[in-house]
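Structural features, examined
The lines below spell out each chain.
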Amino acid sequence: MRKLTGEKLEAELARLEGMRAYEHQYESAGIVCGIDEAGRGPLAGPVVAAVAVLPKDCTILRLNDSKKLSEKCREELFLEIKEKAAAYGIGIVSPEVIDSINILQATYEAMREAVRALGVVPDVLLNDAVRIPGLDVPQVPIVKGDAKSVSIAAASILAKVTRDHMMMEYDKIYPEYGFAKHKGYGTKMHNEAILTYGPCPIHRRTFLKKLLGEEAAMQGMK
């Protein structure tokens with residue numbers, strides 16, 4: 001990434017300080033975590049959640065909502081976040097579980113799994129808009145939180161890049177679907193591949209009912 005200097009650096013540091021407002025607000029409570037997910041909408045692959053705890057003096061330039069960053073920038077920040085985070089955890093829920101309990105419940109389960117993988121017990125959980133059932137941790141839902149909190153932004157990048165890496169590996173196993181390009185989302189290319197080759201083992205059958213019809217989408221499911 002291009003090095004920031006002068007006024008641009010000052011502006012970036014001011015932006016990041018603005019994104020620490022929630023962390024500052026709750027830091028007296030103890031360990032403040034951000035949590036976010038990636039992959040609720042795709043037709044294939046897992047849903048992935050991540051939780052991140054950043055040290056109070058941690059500065060990660062360009063940290064932002066993962067959707068606002070280029071793939072190259074996300075990849076670089078992914079490594080920096082893992083290096084600088086005080087703790088982080090990843091939760092992954094498979095397409096089979098998504099089909100069996102629905103995407104919302106699967107997302108909650110991925111988030112709970114990420115919290116369990118954290119390695120420390122959080123005192124406050126900053127969430128991107130949702131409230132996660134089944135957790136004893138006090139939660140603060142923040143609408144568009146991945147653009148308003150450094151902790152949630154870090155979690156969003158960890159979740160997004162982890163999932164993207166998984167989809168690129170799946171692309172090697174099922175190259176005909178183009179997973180490395182669209183990451184499982186319902187692009188024209190992906191839809192045409194499903195119509196040509198049928199679903200593969202990582203497709204979410206319940207997401208294919210509109211494209212294939214319910215009977216064809218669920219055919220072969222246990």
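Structure first, text after, so check above.
Below you will find a few notes about this structure. Values in this document were obtained by computation on a predicted structure and should not be read as measured data. (Residues numbered from 1 in each chain as written. Predicted model: local features only at pLDDT ≥ 70, side-chain atom pairs only at ≥ 80, totals over all residues. Heavy atoms only, no water.)

A look at the overall build of the chain
Stated precisely, the cut-off is as follows: Starting at the N terminus, helices and strands are each numbered in turn, a helix being any DSSP run of H or I of at least four residues and a strand any DSSP run of E of at least two. Atoms considered for the radius of gyration are the C-alpha atoms alone. The globule rule reads 2.2 Å times the number of residues to the power 0.38. Using a 1.4 Å probe on the protein chains alone, a residue whose accessible area is under 20% of its type maximum counts as buried, one over 50% counts as exposed, and one in between counts as partly exposed. Should any heavy atoms of two residues lie within 4.5 Å, those residues are considered in contact.
When helices and strands are tallied, the chain shows 10 helices and five strands. Relative to the compact-globule value of 17 Å for 222 residues, the chain shows a C-alpha radius of gyration of 19 Å, a close match. The burial tally for the chain puts 49% of its 222 residues in the buried class. Counting only contacts in the chain whose residues sit at least 6 apart along the sequence, the fraction spanning at least 24 positions is 65%.

Here we look at the packing of aromatic side chains
This is how it is decided: Side-chain rings of Phe, Tyr and Trp, where Trp is taken by its six-membered ring, are said to pair if the distance between their centres is within 6.5 Å; with planes under 30 degrees apart they count as stacked, over 60 as edge-to-face, and otherwise as tilted.
Taken as a whole, this structure holds two aromatic pairs when the rule is applied. A ring pair is formed by tyrosine 177 and phenylalanine 179, whose centres lie 5.5 Å apart and whose planes are at 15°; its orientation type is stacked. Residues tyrosine 177 and phenylalanine 179 agree in their burial class; the two are buried. Plain terms: the ring middles of tyrosine 177 and tyrosine 197 are 6.1 Å apart, the flat faces sit at 70° to each other, and that makes the pair edge-to-face. A residue pair is termed long-range when its members are at least 10 positions apart, and tyrosine 177 in the loop between α6 (150–173) and α7 (179–182) and tyrosine 197 in helix α8 (residues 188–197) qualify at 20 residues. For tyrosine 177, a relative accessible area of 2% gives the class buried.

Thoughts on the nonpolar core
The cut-off we apply is this: Side-chain atoms within 4.5 Å link the members of a nonpolar core, which is a set of buried Ala, Val, Leu, Ile, Met, Phe, Trp, Tyr and Cys residues.
Ranked by size, the top nonpolar core spans 24 residues in total, and within it Leu54, Ile60, Leu63, Leu77, Ile81 and Ile157 carry the most contacts. Looking at this core, the elements with two or more residues in it are β2 (47–53), α3 (71–84) and α6. Ranked by residues supplied to this core, first place goes to α6 with eight residues. Non-local contacts of leucine 63, meaning those with residues more than four positions away in its chain, are made with Glu12, Arg15, Leu16, Met19, Leu54, Leu77, Ile81, Val150, Ala153, Ala154 and Ile157. By size, the runner-up hydrophobic cluster in this structure holds 22 residues, among which are Ile35, Val47, Ala110 and Ala114.

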